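# Notes for the structure review
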Number of protein chains: 2
Amino acid sequence: MGDNFGRVVETIRRARDRADLILTTGGLGPTEDDLTKEAIAAVFDEELVLDEESLRHVEGFFARRGIPMPERNRKQALIYRCGRAIPNPNGTAPGALLEKEGKIVISLPGPPREMLPMLNDWVVPYLQGVLGEQRQILRSRILRFFGIGESALEERIRDLLPHRNPTVAPLAHTGEVHLRLTAKATSEAEAAALIAPIEAEIRARAGEFLYGTDATTLEQAAVEALAAAGRTVAVAESCTGGMLGERITNVAGSSAVFRGGVICYANDVKERLCGVPAALLAEHGAVSEPCARALAEGVRRLLQADFGVSITGIAGPGGGSPEKPVGLVYVGLATPAGSEVERHQFQGQRHDIRYRAAQVALDRIRRAAARESHPR
Amino acid sequence: MGDNFGRVVETIRRARDRADLILTTGGLGPTEDDLTKEAIAAVFDEELVLDEESLRHVEGFFARRGIPMPERNRKQALIYRCGRAIPNPNGTAPGALLEKEGKIVISLPGPPREMLPMLNDWVVPYLQGVLGEQRQILRSRILRFFGIGESALEERIRDLLPHRNPTVAPLAHTGEVHLRLTAKATSEAEAAALIAPIEAEIRARAGEFLYGTDATTLEQAAVEALAAAGRTVAVAESCTGGMLGERITNVAGSSAVFRGGVICYANDVKERLCGVPAALLAEHGAVSEPCARALAEGVRRLLQADFGVSITGIAGPGGGSPEKPVGLVYVGLATPAGSEVERHQFQGQRHDIRYRAAQVALDRIRRAAARESHPR
């Protein structure tokens, strides 16, 4: 381990020689490999001492799980004598702050679910205080589109791309496209005023594909649309195996609109639970328009939901044929007004095909719910 | 866009001045923002010309989706006059190779699912050819554990941690711990011979928690154990909403062992589909030991599987109480021999709680299947 320690010390030393602010992540755990604070202490000639409040936090973490704290975890409560701990609400390892020799050293734990809240809730306000008000700010707004490709979207807004403030940058993701509008300004209000007219212009040209802004996901948009319409949904998933339900229920509050679903992986489950006739399966197969329709209608009935959504397809790598190649997916939607099935041919590997199928289903739910809220 | 182009050119120029091998990812798409090849051509005084084979590949990609190729995508088939294209089996954008002025420049597309296969299947063999045989190789083997914490595992193998060849490094992940054994050697065989005795020692001390090696996931281990035992499984998911089914079905070939499941999000779905008695729900609530047991038994019966697995809990952020706090999860397992329920109290945010619950369920499936294969 001496070797590792030397390398970490060397890295911290180089950072100190080059920068005034050093931010580290990771290496705050209980094991002998976790050497970040020790290396910083060595470089800045600082001592690590037990921080009582941090120790209580670590002990409490284990107490809540009903297990004794391993002796090794005391190490996590060691903080610089002339520094202070940074609270970690989501894990055992507190962060550590050291201000010394005109330098600021901030150490956060590695796991993003612990690190990110600490960065947002503690480090950013701390740095704003230290650095004072910035003269210029950068503010971005993301417009999120589904159902239109990157090229096609760019064709519609080509003349806006050379715009300088805000800049307009297309970003392609699996199964969707985002536009990032970034404004330079001296205030939030000025940034918003710069972005607003460009956003309005983009909405006028491609608004029918826009499902949300900033961090809104397609599943959030679907759940919000259902809630606004006062409608519920149930799912019948074959090739996605639960991914659609998983994504819907990853939205906090989805229980008000999500009834549940059937993972109808085996054919007889499609038949017995979702009421797909055996003759239909024999004639058309499970990956077919009639089967997708019967699944959507069946799960809607079975779970007494307003909307029933079904996904049946061939995710690969095996199971494809010339007539039904890998990537062929049917997405069905049953509503009180009737049912419709979309046929899609996706490219990519197993996970992509499943993800894209779930994207299509979420967008169909969102659109169906929006139609109920705003009937023409 | 002129601004962006200048920055990319500047970056490429700096790389050229510092290194003999330049590897870029991203910027090979059809939009005006995609400038990687253009910038490399500018720095190396090279010309971009249409590569007929790449054009056919891009056109074929669109043809298979049944849509005409947007004119803009022709750009993706432009390759250096003195270079060559790198085939991309999973997307439209071919990569590009340029060997000039004693430098090698390799450009790959950004999406990992396109980039990684190209890196493994084309770039690595190419570089091995260019660089000749390496004198020394580094080989790693990962041992993957579930059900033991990082500290507890380290206590068992503390004396092995200072080992130098192979090195032994603990790596903590959400809900599991890995040990990475890395050997320096002059051949694969020598590396394997260095790793074997240390691995055997670790297995002797903590083998009961080891579920797989290298890239094996817990869901793969579960599916493989089921296949080896000739057993099937069905799932009843409440708070995980489909995540367990999604993970099982993400393993290619899972259809041989996975019957399907019920996403029993609403309580009446637990009752009507999985046969949980209304009186039980009224007395104990949905997040309870008896409900988890009834769900596991009910879904096993309903879907005619050998094993039934259930998950019911409080994923938060809302819905917790002093008696049933956020993070409380019951995982049930029903087998031909009877049923058992585990109670867990997880920490973390909604997604972590759901993920950890699915981890526990997968490990229970794996252990139950292994017991059937190797009865005592």
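## Remarks on the domain arrangement of chain A
Residue and element names in this part refer to chain A. Parsing chain A into structural domains produces domain 1 (2–131), domain 2 (137–213) and domain 3 (218–373). Computed over C-alpha atoms only, the centres of domain 2 and domain 3 are separated by 31 Å. Between domain 2 and domain 3, the contact holds 7 residues from the first and 9 residues from the second. Of the residues assigned to the side of domain 2 that touches domain 3, the class counts are 2 nonpolar, 4 polar and 1 charged.

## What about helix 4 (residues 112–131) of chain A?
All names here are of chain A. Its 20 residues place the ends of helix 4 only 25 Å apart at the C-alpha level, less than the 28 Å of an ideal helix rising 1.5 Å per residue. Remark: the principal bend of helix 4, roughly 45 degrees, maps to leucine 119. All of the buried residues along helix 4 are Glu114, Met115 and Met118. Buried positions along helix 4 lie against strand 1 (21–25), strand 4 (84–86), strand 5 (95–100) and strand 6 (103–108).

## Quick look at the interface of chain B and chain A
Counting from both sides, the interface comprises 53 residues of chain B and, opposite them, 56 residues of chain A. Secondary-structure elements contributing two or more residues to the side of chain B that touches chain A are helix 5 (150–157), strand 8 (167–173), helix 8 (243–249), strand 12 (258–263) and helix 12 (350–373) of chain B. Partitioned by chemical class, the residues of the side of chain B that touches chain A number 22 nonpolar, 20 polar and 11 charged. Pairing of strand 12 (residues 258–263) of chain A with strand 12 of chain B involves 3 bridges; the strand directions are antiparallel. By the bridge assignment for strand 12 of chain B, isoleucine 263 of chain A is matched with glycine 261 of chain B.

## Looking at the sheet that holds strand 8 (residues 167–173) of chain A
All names here are of chain A. Ordered in space as 8-9-7-10, the 4 strands form an open sheet in which the pairing is antiparallel. Sheet topology places strand 8 and strand 10 (210–213) at the edges, where each strand pairs with a single neighbour. Here the strands of the sheet are splayed against their neighbours by 25 degrees on average, with no regard to which way each runs. Sheet analysis places strand 7 (residues 137–145) next to strand 9 (residues 176–185), joined by 9 bridges and oriented antiparallel. Across the sheet, the residue bridging to arginine 141 is leucine 181, located in strand 9. With respect to the sheet, helix 5 (residues 150–157) is in contact with strand 7, strand 8 and strand 9, its orientation differing from that of strand 8 by roughly 165 degrees.

## Considerations on the sheet that holds strand 5 of chain A
Residues and elements named next belong to chain A. The mixed open sheet is built from 4 strands, whose spatial order is 1-6-5-4. The open sheet has two edge strands with one neighbour each: strand 1 and strand 4. Sheet twist, expressed as the average angle between the axes of neighbouring strands with direction ignored, equals 20 degrees. Bridge count for strand 1 against strand 6 is 5 bridges, and the pairing is parallel. If you follow threonine 25 over to strand 6, its bridge partner there is leucine 108. In the packing of helix 2 (residues 36–43) onto the sheet, the strands contacted are strand 1, strand 5 and strand 6, and the crossing angle to strand 6 comes to about 165 degrees.

## A word on the pairing of strand 15 (residues 338–345) of chain B
All names here are of chain B. Sheet topology note: the strand 14 (residues 328–335)/strand 15 ladder contains 8 bridges and is antiparallel. If you follow valine 329 over to strand 15, its bridge partner there is histidine 344. Linkage of strand 14 to strand 15, two consecutive antiparallel strands, is achieved through a turn of 2 residues.

## Some points on the relation of the copies chain B and chain A
Rotating chain B by 180 degrees about the axis while translating it 0.0 Å along that axis superimposes it on chain A, leaving an RMSD of 0.1 Å. Considering both components of the superposition, the chain copies are consistent with a two-fold axis. When C-alpha positions in chain B are compared against the rotation axis, the closest is assigned to glycine 242 of chain B, at 2.0 Å. A high fraction, 100%, of the interface residues of chain B reappear at the interface in chain A, so the copies pair face to face through one surface.

Calculation rules
- Every chain's residues receive numbers from 1 upward, in the order its sequence appears when written.
- Here chains are named by letter from A upward and ligands by number from 1 upward, in the order in which they appear as written.
- A pLDDT threshold of at least 70 governs which residues receive local features in this predicted model, and a stricter bar of 80 or more applies before side-chain atom pairs are shown or counted, although totals over entire chains, interfaces and linings include all residues.
- Annotation comment: domain bounds sourced from an automatic or database domain assignment.
- Throughout, a pair of residues is in contact if the C-beta atoms placed from their backbones lie within 7 Å.
- We call Asp, Glu, Lys and Arg charged. Ala, Val, Leu, Ile, Met, Phe, Trp, Tyr, Cys and Pro are nonpolar, and the rest, Gly among them, are polar.
- Helix numbering and strand numbering both begin at the N terminus, where a helix is a DSSP run of H or I of at least 4 residues and a strand a DSSP run of E of at least 2.
- Any helix carries an expected span of 1.5 Å times its number of residues minus one.
- Throughout, bend refers to the angle between the axes fitted to the seven residues that end at a position and the seven residues that start at it.
- The burial label depends on the number of other C-beta atoms within 10 Å of a residue's C-beta. Counts of 20 or more mean buried, 12 or fewer mean exposed, and intermediate counts mean partly exposed, with C-beta atoms placed from the backbone.
- A pair of strands is considered paired only if DSSP assigns at least 2 bridges between the two.
- Lines are fitted to the C-alpha atoms to define the axes, a helix being fitted only along its stretch in contact, and any angle between axes, read from their N-to-C directions, falls within 0 to 180 degrees.
- A residue counts toward the fit only if its pLDDT is at least 70 in both copies, and the copies are then superposed by least squares on the C-alpha atoms of those residues.

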